[in-house]
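Here are the chains, one letter per residue:
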Amino acid sequence: MKSIPSKMVKLLILALVGSSCLSVLCAAEDFDFFYFVQQWPGSFCDTQKSCCYPTTGKPAADFGIHGLWPNYKDGSYPSNCDPNNPFDQSQVSDLISSMQEEWPTLACPSSSGIAFWTHEWEKHGTCSESAINQHSYFAAALDLKKKANLLQALQSAGIKPNGESYTLADIKGALKDAIGYIPYIECNVDQSGNSQLYQVYLCVDTNGSDLIECPVFPHGKCGSSIEFPTF
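It should be emphasised that the depicted structure is a prediction, and the values quoted were computed from it without experimental measurement.

### Topic: the overall build of the protein
Part 1 of the reasoning: Across its full length, the protein holds 7 helices and 7 strands.
Part 2 of the reasoning: N-terminal to C-terminal, the α/β element order of the protein is α-β-α-β-α-α-α-α-β-α-β-β-β-β.
Part 3 of the reasoning: Here the protein holds 231 residues, and 43% of them are scored as buried.
Part 4 of the reasoning: Pairs at least 24 apart in sequence give 76% of the contacts found in the protein among residues at least 6 apart.
Part 5 of the reasoning: Looking at the protein as shown, the accessible area adds up to about 11900 Å², and 53% of this sits on carbon and sulfur atoms.

### Some points on the pattern of salt bridges
Part 1 of the reasoning: Applying the stated rule across the entire model yields 3 salt bridges.
Part 2 of the reasoning: A salt bridge links lysine 145 to glutamate 102; the shortest N-O distance between them is 3.0 Å. With a gap of 43 residues between them, lysine 145 in helix 5 (residues 134-147) and glutamate 102 in helix 3 (residues 96-102) connect regions that are remote in the sequence.
Part 3 of the reasoning: The residue aspartate 210 makes a salt bridge to lysine 147 at a minimum N-O spacing of 3.7 Å. Pair noted here: aspartate 210 is in the loop between strand 5 (195-204) and strand 6 (211-212) and lysine 147 is in helix 5, with a separation of 63 residues, a long-range link.
Part 4 of the reasoning: Taking relative accessible area as the criterion, aspartate 210 reaches 42% and is therefore assigned partly exposed.

### Observations regarding the packing of aromatic side chains
Part 1 of the reasoning: Evaluation of the coordinates by the stated rule reveals 15 aromatic pairs.
Part 2 of the reasoning: Seen from their ring centres, phenylalanine 33 and tyrosine 35 are 5.0 Å apart, and the 90° between their planes marks the pair as edge-to-face. Grouping residues by exposure puts phenylalanine 33 and tyrosine 35 together as buried.
Part 3 of the reasoning: Ring centres of tryptophan 40 and phenylalanine 63 lie 5.1 Å apart, and the angle between their planes is 55°; this geometry places the pair in the tilted category. In this pair, tryptophan 40 sits in the loop between strand 1 (33-39) and helix 2 (41-45) while phenylalanine 63 sits in the loop between helix 2 and strand 2 (64-71), placing the two residues 23 residues apart along the sequence. Here tryptophan 40 and phenylalanine 63 have matching classes, each one buried.

### Side note on helix 5
Part 1 of the reasoning: Between its first and last C-alpha, helix 5 extends 20 Å over 14 residues, near the 20 Å set by a 1.5 Å rise per residue.
Part 2 of the reasoning: Those residues of helix 5 that fall on the buried side of the exposure criterion are Gln134, Tyr137, Phe138, Ala139, Ala140, Ala141, Leu142, Leu144 and Lys145.
Part 3 of the reasoning: If you follow the buried residues of helix 5, they end up packed against strand 1, strand 2, helix 3, helix 4 (114-123), strand 5 and strand 6.
Part 4 of the reasoning: Of the residues that open helix 5, the one with a side-chain oxygen 3.3 Å from the backbone nitrogen of histidine 135 is asparagine 133.

### Structural notes on the pairing of strand 4 (residues 184-189)
Part 1 of the reasoning: With 6 bridges joining them, strand 4 and strand 5 adopt antiparallel strand pairing. In the strand pairing of strand 5, tyrosine 184 is matched with tyrosine 201.
Part 2 of the reasoning: Taken together, strand 4 and the strand that follows it, strand 5, pair antiparallel across an intervening segment of 5 residues, in which glycine 193 is found at a positive phi of about 90°.

### Brief notes about the environment of histidine 135
Part 1 of the reasoning: Positionally, histidine 135 belongs in helix 5.
Part 2 of the reasoning: Once the C-alpha coordinates of histidine 135 and leucine 95 are considered, the two residues, 40 residues apart in sequence, prove to be 8.4 Å apart.
Part 3 of the reasoning: Other than its neighbours up to four places away in sequence, histidine 135 contacts Gln91, Val92, Asp94 and Leu95.
Part 4 of the reasoning: One polar contact links histidine 135 to aspartate 94, side chain to side chain, over a distance of 3.0 Å.

Quick notes on the rules
- Residues numbered from 1 in each chain as written.
- Predicted model: local features only at pLDDT ≥ 70, side-chain atom pairs only at ≥ 80, totals over all residues.
- Heavy atoms only, no water.
- Helix = DSSP H or I, 4+ residues; strand = E, 2+ residues; numbered from the N terminus.
- Buried < 20%, exposed > 50% of the residue type's maximum accessible area, 1.4 Å probe, protein only.
- Contact = heavy atoms within 4.5 Å.
- Areas by Shrake-Rupley, 256 points an atom, 1.4 Å probe, with all protein chains shown as cover.
- Salt bridge = Lys/Arg side-chain N within 4 Å of Asp/Glu carboxyl O.
- Phe/Tyr/Trp six-rings, centres within 6.5 Å; stacked < 30°, edge-to-face > 60°.
- Expected span 1.5 Å × (residues − 1).
- Polar contact = N/O pair within 3.5 Å; in protein donor to acceptor, adjacent residues only side chain to side chain.
- Pairing = 2+ DSSP bridges.

So this is what it looks like as structure tokens:
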């Protein structure tokens, strides 16, 4: 009986590993870092599209979590990585009250937030399965919000949500001084076409625990004067 050459054995092993990877959980792709994104509710609502408060009532006048998004250093990102692992409310039952407070939905029609969190987990969270599970994903975002208190950082620098306008440099400088890392600022426009402070991106390591300097920023541009609307 002839022995199989060692090179062929190695190729067979690689083929088996590859096929099992594809059939099990290689849908959860590796990634380089997270974007942790918080949005200002006043800017979400002050657009032609408007907004709807969640069924739990009007959220606090504070930045709310939008998402924790796996990304690559080349600026691209994975999405919808594992259709076999849908959002399961029972896995985050101990976090729901905090999520309603810190991660509220503003989409219309008014809802409890389940659809919003389902979207965030299934589009983005499933792509971080190689590092953290579903409960850890939502818990990490809630913990990061405590570390990055954007409203407090801005107000301490005299930048307040009172409808006044501020420069992009002042907003970024206030956040960097308080949090220690350079943020990316995303703007949208109000019903009059004025540029306004909409979302703040910070970067996080692949464990979802520590803030880091961003390897790359999203594309986009704010006006020279940025309104910080009331809510």
